[in-house]
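For reference, the chains in residue letters:
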Amino acid sequence: MKKLNIENIIKILILLGFSLFYFRIIVNNEIIKYVHPRIVPFVVLGMIAMVIIALFLIKDSFYSKKKKFKIKNYIIFIIPLIMIFFMQSTSAESTTITSSDINANTGSNITSNSNLNNVSTNNTNQDNNSNNGSTFDLYGGKTETDGQGISDKKELDIKDNVINVNSKNFVFSLDEILDNPDKYVGREIEITGFVYKDKTLKENEFIVGRFIMVCCAADLQIAGLGCEGTNLEDYPNDTWIKIKGKIKNDTSDGTADPVIVVEHMEKDLNPDTSYVYPF
Amino acid sequence: MNIKVEIVIGFLGSGKTSFINSMLQGEEIQNEIIVVIQDEFGNCEIDSDLNNEKQQREIRVIKNDGDKEINADYIKKIIKEYIPDRIFIEVNGMKNSNNIINIFNEKSIKKICKIDDIISIIDVIKFPMYFRNMKSIVSTYIFNSETIILNNVHALKKKEFSRVQKEIKNINETANILKHVTIINKREPKEEEYVELEKHKSFLFTPFLYLGILVFILSYLSTLSMVDINTYNNYLDKFKKFYNVFISILIQGFPFILIGSFVSAIIQICISRDRFIKLFPKNIFLSCIVAALAGLLFPICDCGTIPVARGLMKRKVPIAAGVTFMLAAPIVNPISIVATIYAFQGMKSVVIYRVIAGIIIAISVGLIMQFCTRKDEDILNSSEEIGECECGFCNDNYEENTSKLKKVRAVFVHAGDEFFNIGKFMIIGTFLSSIFQTTVSLNNSMYIPNDDRSSLLIMIGLAFLLSVCSTSDAFIAKGFLKQFSINSVMGFLVVGPMLDVKNTIMLFGSFKKKFVLKLIFIILLVSFGVLINCKLA
């Protein structure tokens, strides 16, 4: 009579469950929503290691020395698995709901994220009510700008005298412009991103930003450039937009901050919403 | 036909034979042919007069005089000869209980008989002495047993008894623990009974509690969705936010824990102890420096270092070196240095200061821990592994020339064990810290002290609560520069990787409580002392 080693089998199921989840998010490339691409090789490695451990455990699982085991230890592993499958199914549902719902859903979702990651003023500021009067010190706004970036060789993507900023060169362009505010004054710029407004900004100001990820979704922050424009009521928070404008230096609070004066602005109907990674 | 085998293990004089006698009188096993194999002789004899009672049963007592080893063939011979229904095997605790148990896992034997129960008999008075001197033997058989009988309980004070009980629980949580009670009765002066100490209510209860909470949350969410879409969305959003943080930390943490587990497993299996000790310089101070710089070679962050440090300490590396490695590795790891350089561009002093302060604190905490801990003090929380391994690699004197495949297999199985050990604490820690990350709100209106000391303390406290991974905390820290002085932000950068919620829970899981408390206290003290005195312009 063969008796199965339940403890081992639970271990195997947990390992396979996690590696299946890893596999799934790697295949649909969902993984970059969770972690920095730099970590992906480690994730693959971890996935393979878990499968191999599970394979080795299979051999042992046909006899059991002990009848009882502590399920308590494994419940803790099962909770995230349950959460994962619950959430995966609900997110699938939300895309199948009517189209009007989608907007609301994704909108609110992003809002919650942006609330979490108030621009580098304060990363954990949930309710966003930062009362200090200073303008936004965006990510990369260095306090000392001695121009010693790590990427001196790269150049901005300039076509027909227009600086082109997209998701690929977003971080670098931002650094470059913020580092050398004087150099780019008066230059035309084209940039895509989402609208970010909050109470510290004036009526006609907003930030065109993107989420930037350093390690994992826990440290998502918004990075972007300040903009000045009109008719902002049409563009609520989190709408993806394309902007064309000129860079000017805003010296209102003593330091020079580059600001885009918007000349043309439209909704980006098919946005590239991917996160950007600083390195 | 299934022959039931009962294995009774205990040291000389712990009361094995008396126990078997009382079992033989039991109602349950009437009308059976029973063989008792005694592997040693104590003061007590099996009551063979039980044979003469009216019941139709037969008891054979076989005394093994020591020149024959109990093995599969021996058991088979006995089975052939007597055709028993039940076999009692009395084993001296000094013998390796794994060997006996493994006999019954062999295929040919498994067909005809199976282990019904493994019982250890422990004399609680002698237990502390045995446990101190022959720890591995004692824990092996406690770990293997399904029932544990405590003898001589009445002779021990309550406090000491509960300590013994705790010690046993530590090794084997699932066993039934019974204590032997002599009931003084006038008619029969020596009626004995074995009373179960504690029913395993908690064994069933806790998982149900967890499941209950989970079901409650799910049903709460689903009822909300029925009642009011808006509130539901609100809660769902909060939950999603939490979920995103939680899952993403897990996704990126698990691979690092696995890497740490593999390193620790390889240390344990592929490098023999003598060779390993040679790797570390004799001088404790030098070995600390080596340990601190070793972090440069391992690109693992704070979750991964704990299994490695555990593996190091199991191999009896000096505590100082182990602790130093554990604390310094997350700070000197290349990824986090690059991240710090990037976040604080143009402020090179921050990077240099962070690394140097990290190393200094790590080394001094390591050295203090070394002197604070007695040599024989046991700092590892060794609840699970002892006795579990039959791989032969865990003993200090294993043979070098075992086959490669076996080694690889052992590495993987050990890494898996380590992963499950540490992983559960990591999940709890992540759970807590993601709750903090999603709920703790820092308003700018928050009271910000001008005083250096208190703002440093606030930063350290925040680092503890938020428990951000050491590779990304530089970016978060930069955000604080607006409100806090650079000196106190340093506290966030230096103490954060050494000590946070996630880390602490993992530490409590893998080291002894006393050790962890001392460690935390010393880390706080030393780092506060170092950071307050270093002024960064």
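Numbering of residues starts from 1 in each chain and follows the order in which that chain's sequence is written. Whichever chain is written first becomes A and whichever ligand is written first becomes 1, with later ones labelled in order. Under the rules for a predicted model, residues below a pLDDT of 70 receive no local features and side-chain atom pairs below 80 are neither given nor counted, while totals for whole chains, interfaces and linings still include all residues.

## With respect to the overall build of chain B
Put simply, the rule reads: Helix and strand assignments follow DSSP, with helices taken as H or I runs no shorter than four residues and strands as E runs no shorter than two, numbered in order from the N terminus. Neighbour counting defines burial: a residue surrounded by 20 or more other C-beta atoms within 10 Å of its own C-beta is buried, one with 12 or fewer is exposed, and intermediate counts give partly exposed, using backbone-placed C-beta atoms. Distance between backbone-placed C-beta atoms decides contact: two residues are in contact if it is within 7 Å.
When helices and strands are tallied, chain B shows 21 helices and eight strands. Within chain B, the fraction of its 537 residues that count as buried is 44%. Taking contacts inside chain B between residues at least 6 apart in sequence as the whole, the part at least 24 apart equals 82%.

## A word on the overall build of chain A
For chain A, the count of helices and strands is six helices and seven strands. Element order for chain A, N to C, with α for helix and β for strand: α-α-α-α-α-β-β-α-β-β-β-β-β. Counting over 279 residues, chain A shows a buried share of 35%. Long-range pairs, those at least 24 residues apart, make up 68% of the contacts in chain A with a sequence separation of at least 6.

## Considering the nonpolar core
Just so we agree on the cut-off: For this entry, the nonpolar core is defined as buried Ala, Val, Leu, Ile, Met, Phe, Trp, Tyr and Cys residues connected by C-beta atoms within 7 Å.
Within the largest apolar cluster, 155 residues are counted, with the highest numbers of intra-cluster contacts made by V208(A), C227(A), A328(B) and M459(B). Ranked by residues supplied to this core, first place goes to helix α9 (residues 229–270) of chain B with 16 residues. Each residue touching V208(A), except ones within four places of it in the same chain, is listed here: I191(A), G193(A), V195(A), G224(A), L225(A), C227(A), I241(A) and I243(A). Grouped together as the second largest cluster of nonpolar side chains are 42 residues, I89(B), I148(B), A175(B) and L178(B) included.

## Topic: the packing of helix α17 (residues 452–466) of chain B against helix α19 (residues 486–498) of chain B
All names here are of chain B. Formally: To obtain each axis, a line is fitted to C-alpha atoms, and for helices this fit is confined to the stretch in contact; angles are then taken between N-to-C directions over 0 to 180 degrees. Put simply, angles under 35 degrees are roughly parallel, angles over 145 are roughly antiparallel, angles from 65 to 115 are roughly perpendicular, and the rest are oblique. Take the far helix as your reference; a near helix turned counterclockwise from it by less than a right angle gives a left-handed crossing, and one turned clockwise gives a right-handed crossing.
With their axes 8 Å apart at the nearest point, α17 and α19 run at an angle of 30° to one another. Classified by the angle their axes make, α17 and α19 are roughly parallel. When you trace α17 past α19, the crossing you get is right-handed. Contacts between α17 and α19 involve D452, S455, L456, M459, I460, L462 and A463 from the former and N487, S488, V489, G491, F492, V495 and G496 from the latter.

## A look at α17(B)
An α-helix turns once every 3.6 residues. As a result, residues three or four positions apart point the same way. Residue and element names in this part refer to chain B. Basically, it comes down to this: Helices are assigned an expected span. That span is 1.5 Å times one less than the residue count.
The first and last C-alpha atoms of α17 sit 21 Å apart over 15 residues, in line with the 21 Å expected at 1.5 Å per residue. Those residues of α17 that fall on the buried side of the exposure criterion are S455, L456, I458, M459, I460, L462, A463, F464 and L466. Immediately beyond the C-terminal end of α17, within one or two residues, lies S467, with a positive phi of roughly 35°.

## Some remarks on the environment of Y353(B)
Residues and elements named next belong to chain B. Of note, Y353 is situated in helix α15 (residues 348–372). For Y353, a count of 20 C-beta atoms within 10 Å translates into the label buried. Between the C-alpha atom of Y353 and that of C534, which follows or precedes it by 181 residues, the distance is 9.2 Å.

## Things to note about the pairing of strand β7 (residues 257–267) of chain A
Residue and element names in this part refer to chain A. Stated precisely, the cut-off is as follows: Strand pairing is defined by DSSP finding a minimum of two bridges between the two strands.
Bridge count between strand β5 (residues 221–228) and β7: three bridges; the pairing is parallel. Residue pairing for β7: G226 is matched across the bridge by V259. Of the pairings in the sheet, the one linking strand β6 (residues 240–250) to β7 comprises ten bridges and is antiparallel in character. The partner of G245 across the bridge, within β7, is V262.

## What to know about the environment of E146(B)
All names here are of chain B. Relative to the helices and strands, E146 resides in the loop between α6 (135–144) and β6 (147–151). Judged by the 19 C-beta atoms lying within 10 Å of it, E146 falls in the partly exposed class. With 30 residues separating them in the primary sequence, E146 and N176 have C-alpha atoms 6.4 Å apart.

## Some remarks on the packing of helix α13 (residues 319–332) of chain B against α15(B)
Residues and elements named next belong to chain B. Put simply, the rule is: Amino acids are sorted into nonpolar (Ala, Val, Leu, Ile, Met, Phe, Trp, Tyr, Cys and Pro), charged (Asp, Glu, Lys and Arg) and polar (every other residue, Gly among them).
Between α13 and α15, whose axes approach to 7 Å, the crossing angle comes to 160°. By the angle between their axes, α13 is roughly antiparallel relative to α15. Along this stretch, α13 crosses α15, giving a crossing that reads as right-handed. Of the residues in α15, those touching α13 at I319, A320, A321, V323, T324, L327, A328, I331 and V332 are R354, V355, G358, I359, I361, A362, I363, V365, G366, L367, M369 and Q370. A per-class count over the contact of α13 with α15 returns 16 nonpolar, four polar and one charged.

## Observations regarding the confidence of the model for chain B
All names here are of chain B. The cut-off we apply is this: The pLDDT value tells you how sure the predictor is about a given residue, anywhere from 0 up to 100.
Of all residues in chain B, 74% attain a pLDDT of 70 or more, and the chain-wide mean is 73. This model gives residues 383–392 a pLDDT under 50, and the stretch forms 19 contacts once residues within four places in sequence are excluded. Confidence metrics for the complex model read pTM 0.66 and ipTM 0.70.

## So, helix α20 (residues 501–510) of chain B
Residues and elements named next belong to chain B. Burial analysis of α20 places eight of its ten residues in the buried class, the great majority of the element. Those residues of α20 lying buried are V501, K502, N503, I505, M506, L507, G509 and S510. Packing partners of the buried residues in α20 comprise α12 (302–314), α16 (404–439), α17 and α21 (513–533).

## Thoughts on the pairing of strand β2 (residues 33–38) of chain B
Residues and elements named next belong to chain B. Counted residue by residue, β2 has five buried out of six residues, so it is predominantly covered. Direction of pairing for β2 relative to strand β4 (residues 86–92): parallel, over a ladder of five bridges. Bridge pairing in β4 places I37 opposite I89.

## As for the confidence of the model for chain A
In low-pLDDT segments, the atomic positions of the prediction should not be examined closely. When pLDDT is averaged across chain A, the result is 68; 67% of the residues are at 70 or more. Low pLDDT, under 50, characterises residues 92–153 of chain A; the predicted model gives this stretch 112 contacts beyond four residues in sequence or across chains.

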